[in-house]
Amino acid sequence: MAEHKDYWVTAGDQGTIKISEDVVASIAALAAAETEGVGGLAAGLTAEIASLLGKKSQNKGVRVQLGEQDTVGVELSILVEFGKSVGEVALAVQKAVKAAVESMTGLKTAVVNVVVSGVTFDQPKPAEETLAPVEP
């Protein structure tokens, strides 16, 4: 059964342009993931079930709502790196996503909602990396 997907559509002199909501979600996900302090995107239960069924999604943790008059709303669930300011990281994500979506699609970003779902921690380094070499 095919999934229902929304498209932003514009008609010009040379034809029609359609942009899928998946494209907007992918742009938002990549912009958020590249933001300093973001430890990753947090997938919801449905994305986890879909990944178990073999459906891979680049934009897990992102929801897109196409609106009227060339507007789009984006909601992202992110994980923040331990030690980083949650508010500053969330604000940076909002700015990065808004800039990326608007510059790449031409759509106006009405809202970028950021949900901080958790904190990521650095993995402990193996003992051989943390110990200084002993001089003979």
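Residues numbered from 1 in each chain as written. Predicted model: local features only at pLDDT ≥ 70, side-chain atom pairs only at ≥ 80, totals over all residues. Heavy atoms only, no water.

Naming follows an unreviewed UniProt entry, where the protein appears as Asp23/Gls24 family envelope stress response protein of Butyricicoccus pullicaecorum. What UniProt records for the protein under Sequence similarities (unreviewed entry) is the sentence "Belongs to the asp23 family." (UniProt positions renumbered as here; feature names shortened; annotations may be inferred.)

Draft legend 1. Quick peek at unusual backbone geometry. Phi at Gln69 is positive, roughly 55°, even though this residue is not glycine. Positionally, Gln69 belongs in the loop between strand S4 (62-66) and strand S5 (71-81). One non-glycine residue, Asp70, adopts positive backbone phi at about 60°. With respect to the element layout, Asp70 can be found in the loop between S4 and S5. (Helix = DSSP H or I, 4+ residues; strand = E, 2+ residues; numbered from the N terminus.)

Draft legend 2. Spatial organisation of the nonpolar core. With 28 residues, the main nonpolar core has Val62, Val72, Leu76, Ile78, Val93 and Val97 as its most contacted residues. A total of seven residues in this core trace back to one element, the largest contributor, which is helix H1 (residues 21-33). With residues up to four places along the chain from it excluded, the contact list for Val97 reads Ala28, Ala31, Ala32, Val74, Leu76 and Val112. (Core = buried A, V, L, I, M, F, W, Y, C linked by side-chain atoms within 4.5 Å. Buried < 20%, exposed > 50% of the residue type's maximum accessible area, 1.4 Å probe, protein only. Contact = heavy atoms within 4.5 Å.)

Draft legend 3. Up close: the packing of aromatic side chains. Taken as a whole, this structure holds one aromatic pair when the rule is applied. Centroid distance Phe82 to Phe121: 5.2 Å. Interplanar angle 35°. Geometry classified as tilted. With Phe82 in the loop between S5 and helix H3 (86-105) and Phe121 in the loop between strand S6 (108-120) and helix H4 (127-130), this residue pair connects regions lying 39 residues apart in the sequence. Neither Phe82 nor Phe121 differs from the other in exposure class; each is exposed. (Phe/Tyr/Trp six-rings, centres within 6.5 Å; stacked < 30°, edge-to-face > 60°.)

Draft legend 4. Structural detail: the environment of Asp22. Mapped onto the elements, Asp22 comes out in helix H1. Each C-alpha atom of the pair Asp22 and Val62 lies 9.4 Å from the other, and the pair is 40 residues apart in sequence.

Draft legend 5. Up close: the pattern of salt bridges. Counted by the stated rule, this structure contains three salt bridges. Arg63 serves as the salt-bridge partner of Glu75, at 2.7 Å between the closest nitrogen and oxygen. Of this pair, Glu75 sits in strand S5 while Arg63 sits in strand S4, and the two are 12 residues apart along the sequence. (Salt bridge = Lys/Arg side-chain N within 4 Å of Asp/Glu carboxyl O.)

Draft legend 6. Up close: a nonpolar patch on the surface. Taken together, Phe82, Val119 and Phe121 make up a surface patch of nonpolar side chains, about 350 Å² in accessible area. Among the secondary structure elements, Val119 is positioned in strand S6. Relative accessible area serves as the criterion here: at 42%, Val119 is assigned to the partly exposed category. (Patch = residues over 30% accessible without salt bridge, like charges linked within 9 Å, V, L, I, M, F, W, Y side chains within 5 Å. Areas by Shrake-Rupley, 256 points an atom, 1.4 Å probe, with all protein chains shown as cover.)

Draft legend 7. Quick look at the packing of H1 against H3. Between H1 and H3, the least distance of the axes is 8 Å, while the angle of their chain directions is 140°. Taken together, the axis directions place H1 and H3 in an arrangement best described as oblique. As for the relative orientation of H1 and H3, their crossing is right-handed in sense. Of the residues in H3, those touching H1 at Val24, Ile27, Ala28, Ala31 and Ala32 are Val93, Ala96, Val97, Ala100, Val101, Met104 and Thr105. Partitioned by chemical class, the residues of the contact of H1 with H3 number 11 nonpolar, one polar and no charged. (Axes fitted to C-alpha atoms, helices over the stretch in contact; angles between N-to-C directions. Parallel < 35°, antiparallel > 145°, perpendicular 65-115°, else oblique. Left-handed = near helix turned anticlockwise from the far one by under 90°. Nonpolar A, V, L, I, M, F, W, Y, C, P; charged D, E, K, R; others polar.)

Draft legend 8. Representation of H1 within the structure. Taking 1.5 Å of rise per residue, 13 residues should cover 18 Å, and H1 covers 18 Å from first to last C-alpha, within 8% of that figure. Residues of H1 that are buried: Glu21, Val24, Ala25, Ile27, Ala28, Ala29, Ala31 and Ala32. On the buried face of H1, the contacting elements are strand S2 (15-20), strand S3 (38-41), S4, S5 and H3. (Expected span 1.5 Å × (residues − 1).)

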